[in-house]
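# Working through the structure, step by step
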Amino acid sequence: MLSGALFTLPRTLRAEEAGDVRRNISSFALHDWRDHFERLGKGIIISDTVTKVLQHWTEHGEMRIYPTSVPLTDELTKRGYTEVIEKRENPSWAPTPSMRKRNPEWPAYVPGGDPSNPLGTRALYLSWQYYRIHGTQDTRKIGRRSSNGCIGLYNEHIEEVFARTPVGTQVKLI
């Protein structure tokens, strides 16, 4: 089980320890919500699509970070300001019209709770049509460009974010 949402970055390996592979975590940077929003309000979520990290602040200022999956391409990636307009436990899933065009073999509908449901156990619906912050059953996707547009988290993490996030929470994808 993943313990808490605060994760520890791996220590940097010396070149001889890693073979010829070099690990660079210097691109990982936390954001200050004040650089993006005027007030904390009901809370803030900032999802960085480059570093694949979601930062979540509660209305009381407690901040946690979570690793994410992000869209496969820049064309599928939305950036900017939005907000949480709805929350669903065990959401059902239906591919968008553009997904159906790209992947006609996909099912037209997958009920909530189904192990093949790509939205996982919880979903935060944003004001942008078809865009969600949700869990995933496929944990291999986290830390990668792997989605058709949404931000994915481990199910354990989305359940935590879901419980701490009221409708009306401000969101920015960068």
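The rules we used
Residues numbered from 1 in each chain as written. Predicted model: local features only at pLDDT ≥ 70, side-chain atom pairs only at ≥ 80, totals over all residues. Heavy atoms only, no water. Phe/Tyr/Trp six-rings, centres within 6.5 Å; stacked < 30°, edge-to-face > 60°. Buried < 20%, exposed > 50% of the residue type's maximum accessible area, 1.4 Å probe, protein only. Lys NZ or Arg CZ within 6 Å of the ring centre and 35° of its normal. pLDDT = per-residue confidence, 0-100. Contact = heavy atoms within 4.5 Å. Pairing = 2+ DSSP bridges. Helix = DSSP H or I, 4+ residues; strand = E, 2+ residues; numbered from the N terminus. Axes fitted to C-alpha atoms, helices over the stretch in contact; angles between N-to-C directions. Lys, Arg positive; Asp, Glu negative; His and termini not counted. Salt bridge = Lys/Arg side-chain N within 4 Å of Asp/Glu carboxyl O.

### Brief notes about the packing of aromatic side chains
Tallied over the entire structure, the rule returns 3 aromatic pairs. For the ring pair tryptophan 128 and tyrosine 131, a centre distance of 5.5 Å and an interplane angle of 85 degrees mean the geometry is edge-to-face. As far as the burial class goes, tryptophan 128 and tyrosine 131 line up, both buried. Directly above the ring of phenylalanine 162 sits lysine 87, whose terminal nitrogen or CZ lies 4.6 Å from the centroid. The ring of phenylalanine 162 is capped by arginine 122, whose NZ or CZ atom sits 5.6 Å from the centre of that ring.

### With respect to the confidence of the model for the protein chain
When pLDDT drops low, the exact placement of atoms in the prediction is not to be read closely. For the protein chain, per-residue confidence averages 87 on the pLDDT scale, and 84% of positions sit at 70 or higher. Long-range and interchain partners of residues 1-26, a stretch whose pLDDT sits below 50, account for 26 contacts in this model, where long-range means more than four residues apart.

### A look at the sheet that holds strand β1 (residues 43-48)
With mixed pairing, 8 strands are arranged side by side in an open sheet as β3-β2-β1-β10-β5-β6-β7-β9. Both outer strands of the open sheet, β3 (63-67) and β9 (151-154), are each paired with one neighbouring strand and no more. Each adjacent strand pair in this sheet contributes to an overall mean axis angle of 25 degrees, direction not counted. Relative to strand β6 (residues 122-126), strand β5 (residues 80-89) runs antiparallel, the two sharing 5 bridges. When the bridges of β6 are listed, glutamate 86 appears paired with tyrosine 125.

### Focus on the side chain of arginine 132
Position of arginine 132 relative to the elements: it lies in strand β7 (residues 132-136). Within the buried core, arginine 132 has no salt-bridge partner, and the shortest N-O distance to an opposite charge, that of glutamate 86, equals 7.3 Å. Leaving out residues up to four positions away in the same chain, arginine 132 has contacts with Leu124, Tyr125, Cys150 and Ile151.

### Things to note about the environment of glutamate 89
Structurally, the position occupied by glutamate 89 is in strand β5. According to the relative accessible area criterion, glutamate 89 is exposed, its value standing at 52%. Between the C-alpha atom of glutamate 89 and that of threonine 121, which follows or precedes it by 32 residues, the distance is 6.1 Å. Among all residues touching glutamate 89, those that are not within four sequence positions of it are Thr121, Arg122 and Phe162.

### Thoughts on the pattern of salt bridges
Applying the stated criterion to the full structure yields 9 salt bridges. A salt bridge links arginine 64 to glutamate 160; its shortest N-O distance comes to 2.7 Å. Taken together, the positions of arginine 64 in strand β3 and glutamate 160 in helix α2 (residues 155-164) put the pair 96 residues apart, joining distant regions of the chain. Exposure remark for arginine 64: the relative accessible area of 22% places this residue in the partly exposed category. Among the ionic pairs, arginine 140 bridges to aspartate 138, the shortest N-O distance being 2.8 Å.

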